[in-house]
Amino acid sequence: SSFLCGLRISLFHFSPNLITFISLTCMLIPHLLFNYFAWNFKGIIPTWLLIGGYVGYLFYSLLDNADGKQARRTQSSTPLGMLVDHGCDACNCILGTLQIICIFQLGCTIWTPIGLCVIVLPFFYGTFEELYRGELRLPIINGPSDGWTIIGVMYMLPIFTGFEFFDELYTIYDYTAPIKHFLVIGCCIIHGLYSLYILYGLCKYAPSIGRIFYDFNSFHFITAGLLGTCYLYPQEVLEENMRMMVYSYGFMFTLLCGHLQLAIISQRPAEMHKLSVYLFAALPLINALYYFQTSQFLVNPYYLSCALMILTTLWYAHMVFGVMGEMKKILGINIFSIKKEKEQQC
């Protein structure tokens, strides 16, 4: 079409990394607007934003494929480009999941971290499979290729049913719960089976099953810390801190995925067991357990959440800017521009 042709021409002289960051912006802008209308993961999201959010996702998918083609066309494929591309994919995984959580109207409850952790689980396992196997293996039906259809249904559903649909009670085998809880349970089943499929494939390539679980522990620690803390915190504390808690989890998740991708491009074992992982998982959980036993907090939960939010942001920024700077210096490449000689060859 003329639109796609125009888009292709406009991106012709863009560097692959710049296209990657533009694609992430297509998800970030709708996410910020979702925050305005549903800060506590519950609220009436206008129809124009639901449509705009899905269009943003489609543009993200389009540009996410275009950056690789641009890198091959300009002969500018680099390990840094792989790291940037996978890092933006990890960020998109968090941003997109939180938008779906807002659509499902899960609110500041234990169901929000459950939905977040379950949906990002296959992404983390799939990255580990790439580390051991040497390539990314996707089943016939997969998120990158087919997810746009499922996500489109999720974005369009409340336009026709209204957001009260997700709070309607439904009964299955004497278990009565809101429809939104059954949707999360369905995601748990689908993503759980897919994760088992990935684990089965990992057993053929990993040194041992023990090594697999040892490497996975970092992700399991931060996930268990978030879920345990949200389960033990009283509702009023969750209302005040849930947004900071899930963002901190998102930064830790993308940080771990970044370490995995570094291991892949450098062909070295992944260094996943960091002090930051244990601090993030243990501190809020200890605070929540102390409250569960004594009805008092060791540390004000709000101050603790703020501190972890700042720390995880700094940890992630240190890795991103530190690694990008070092790789730019070592490889002698431009991050957001194409060298003139390569551009003239195309």
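This is a predicted model, so every value here is computed, not measured.

Two residues of an α-helix separated by three or four positions point the same way, owing to the 3.6 residues in each turn. In a regular helix each residue adds 1.5 Å, so 24 residues correspond to 34 Å; helix H7 (residues 179–202) covers 35 Å between its end C-alpha atoms and thus fits that length. Along H7, the positions that sit buried rather than exposed are Ile179, Lys180, His181, Phe182, Val184, Cys187, His191, Ser195, Ile198, Leu199, Gly201 and Leu202. Buried positions along H7 lie against helix H4 (79–104), helix H5 (111–133), strand S1 (169–172), strand S2 (175–178) and helix H8 (209–232).

Let's shift gears to the packing of H5 against H8. Packed helix pairs are characterised by how far apart their axes lie and by the angle those axes make with each other. Packing of H5 against H8 leaves a shortest axis separation of 11 Å and a crossing angle of 165°. In terms of their interaxial angle, H5 and H8 are classed as roughly antiparallel. Our pair here, H5 against H8, has a crossing hand that is right-handed. Residues Pro113, Ile114, Cys117, Val120, Leu121, Phe124, Tyr125, Phe128 and Tyr132 of H5 lie in contact with H8, whose contacting residues are Arg211, Ile212, Asp215, Phe216, Ser218, Phe219, His220, Thr223, Leu226, Leu227 and Cys230.

With that settled, consider helix H10 (residues 275–294). Taking 1.5 Å as the rise per residue, H10 with 20 residues should run 28 Å; its terminal C-alpha atoms sit 28 Å apart, in good agreement. Ser276, Val277, Phe280, Ala281, Pro284, Asn287 and Ala288 are the residues of H10 that are buried. Where H10 ends, the next residue or the one after it, Ser295, has phi of about 65°, a positive value.

Let us now look at the packing of H8 against helix H9 (residues 235–266). Running from N to C, H8 and H9 cross one another at 175°; their axes reach a closest spacing of 11 Å. Our classification of the angle between H8 and H9 gives roughly antiparallel. The residues of H9 that touch H8, namely those facing Ser218, Phe219, Ile222, Thr223, Leu226, Thr229 and Cys230, are Leu238, Met242, Met245, Tyr249, Met252, Phe253 and Leu256.

Attention shifts here to the environment of Gly250. Assignment of secondary structure puts Gly250 in helix H9. Separated by 134 residues in sequence, Gly250 and Leu116 have C-alpha atoms that sit 9.1 Å apart.

Tallying each qualifying case throughout the model produces 1 salt bridge. For the salt bridge of Asp167 with Lys180, the shortest nitrogen-to-oxygen distance reads 2.7 Å. Separated by 13 residues along the polypeptide, Asp167 in the loop between helix H6 (143–161) and S1 and Lys180 in helix H7 bring together distant segments of the chain.

Before going further, it helps to spend a moment on the pairing of S2. The pairing of S1 with S2 spans 4 bridges and is classified as antiparallel. Across the sheet, residue Thr171 finds its bridge partner in S2, namely Thr176. Connecting S1 to the next strand, S2, in antiparallel fashion are 2 residues, including Tyr173 with a positive phi near 50°.

The biggest cluster of nonpolar side chains holds 82 residues, and the ones touching the most others in it are Ile45, Ile103, Phe124, Phe219, Tyr249 and Phe253. Among all residues touching Phe253, those that are not within four sequence positions of it are Ala90, Cys93, Ile94, Val120, Phe123, Phe124, Phe219 and Ile222.

Next up on the list: the confidence of the model for the chain. In regions of low pLDDT, the predicted coordinates are not meant to be interpreted in detail. When pLDDT is averaged along the chain, the result is 84; 88% of the residues meet or exceed 70. Averaged pLDDT values over the elements of the chain bottom out at 49 in helix H12 (residues 340–345) and peak at 91 in H10.

Both trends apply: most residues other than glycine have a negative phi, and most peptide bonds are in trans. Not every positive phi belongs to a glycine, and Phe41 is a case in point at roughly 60°. Tracing the backbone through its elements, the reader meets Phe41 in the loop between helix H2 (16–37) and helix H3 (47–73). Unlike most non-glycine residues, Gln105 shows phi in positive territory, near 60°. In this structure, Gln105 sits in the loop between H4 and H5. By relative accessible area, which is 4% here, Gln105 ends up buried.

The subject of this paragraph is the side chain of Thr20. Within the element layout of this structure, Thr20 appears in helix H2. Residue class for Thr20 comes out buried when judged on its relative accessible area of 2%. Only 2.9 Å separates the side chain of Thr20 from the backbone oxygen of Pro16, close enough to count as a polar contact. The residues contacting Thr20, other than those within four sequence positions of it, are Asp67, Val84, Asp85 and Cys88.

Moving on: the packing of aromatic side chains. Overall, the coordinates contain 22 aromatic pairs when judged by the stated rule. Among the aromatic residues, those joined into a cluster by ring pairs are Phe123, Phe124, Tyr125, Phe128, Tyr132, Phe216, Phe219 and Phe253. Above the plane of the ring of Trp39 lies Arg243, whose end atom (NZ or CZ) is 4.8 Å from the centre. A cation over a ring is seen here: Arg243 above Phe41, with NZ or CZ 4.1 Å from the ring centre.

Moving on: the environment of Phe41. The exposure class of Phe41 is buried, given its relative accessible area of 0%. Linking Phe41 and Ile101, residues 60 residues apart in sequence, is a C-alpha distance of 6.4 Å. Setting aside chain neighbours within four positions, we find Phe41 in contact with Leu98, Ile101, Cys102, Gln105, Leu106, Gly107, Cys108, Thr112, Met242, Arg243 and Val246.

Looking now at a nonpolar patch on the surface. A contiguous nonpolar patch, built from Ile286, Tyr290, Leu298, Val299, Tyr302 and Tyr303 and spanning about 590 Å² of accessible area, is present on the exposed surface. Note on placement: Tyr290 falls in helix H10.

Quick notes on the rules
Residues numbered from 1 in each chain as written. Predicted model: local features only at pLDDT ≥ 70, side-chain atom pairs only at ≥ 80, totals over all residues. Heavy atoms only, no water. Helix = DSSP H or I, 4+ residues; strand = E, 2+ residues; numbered from the N terminus. Expected span 1.5 Å × (residues − 1). Buried < 20%, exposed > 50% of the residue type's maximum accessible area, 1.4 Å probe, protein only. Contact = heavy atoms within 4.5 Å. Axes fitted to C-alpha atoms, helices over the stretch in contact; angles between N-to-C directions. Parallel < 35°, antiparallel > 145°, perpendicular 65-115°, else oblique. Left-handed = near helix turned anticlockwise from the far one by under 90°. Salt bridge = Lys/Arg side-chain N within 4 Å of Asp/Glu carboxyl O. Pairing = 2+ DSSP bridges. Core = buried A, V, L, I, M, F, W, Y, C linked by side-chain atoms within 4.5 Å. pLDDT = per-residue confidence, 0-100. Polar contact = N/O pair within 3.5 Å; in protein donor to acceptor, adjacent residues only side chain to side chain. Phe/Tyr/Trp six-rings, centres within 6.5 Å; stacked < 30°, edge-to-face > 60°. Lys NZ or Arg CZ within 6 Å of the ring centre and 35° of its normal. Patch = residues over 30% accessible without salt bridge, like charges linked within 9 Å, V, L, I, M, F, W, Y side chains within 5 Å. Areas by Shrake-Rupley, 256 points an atom, 1.4 Å probe, with all protein chains shown as cover.

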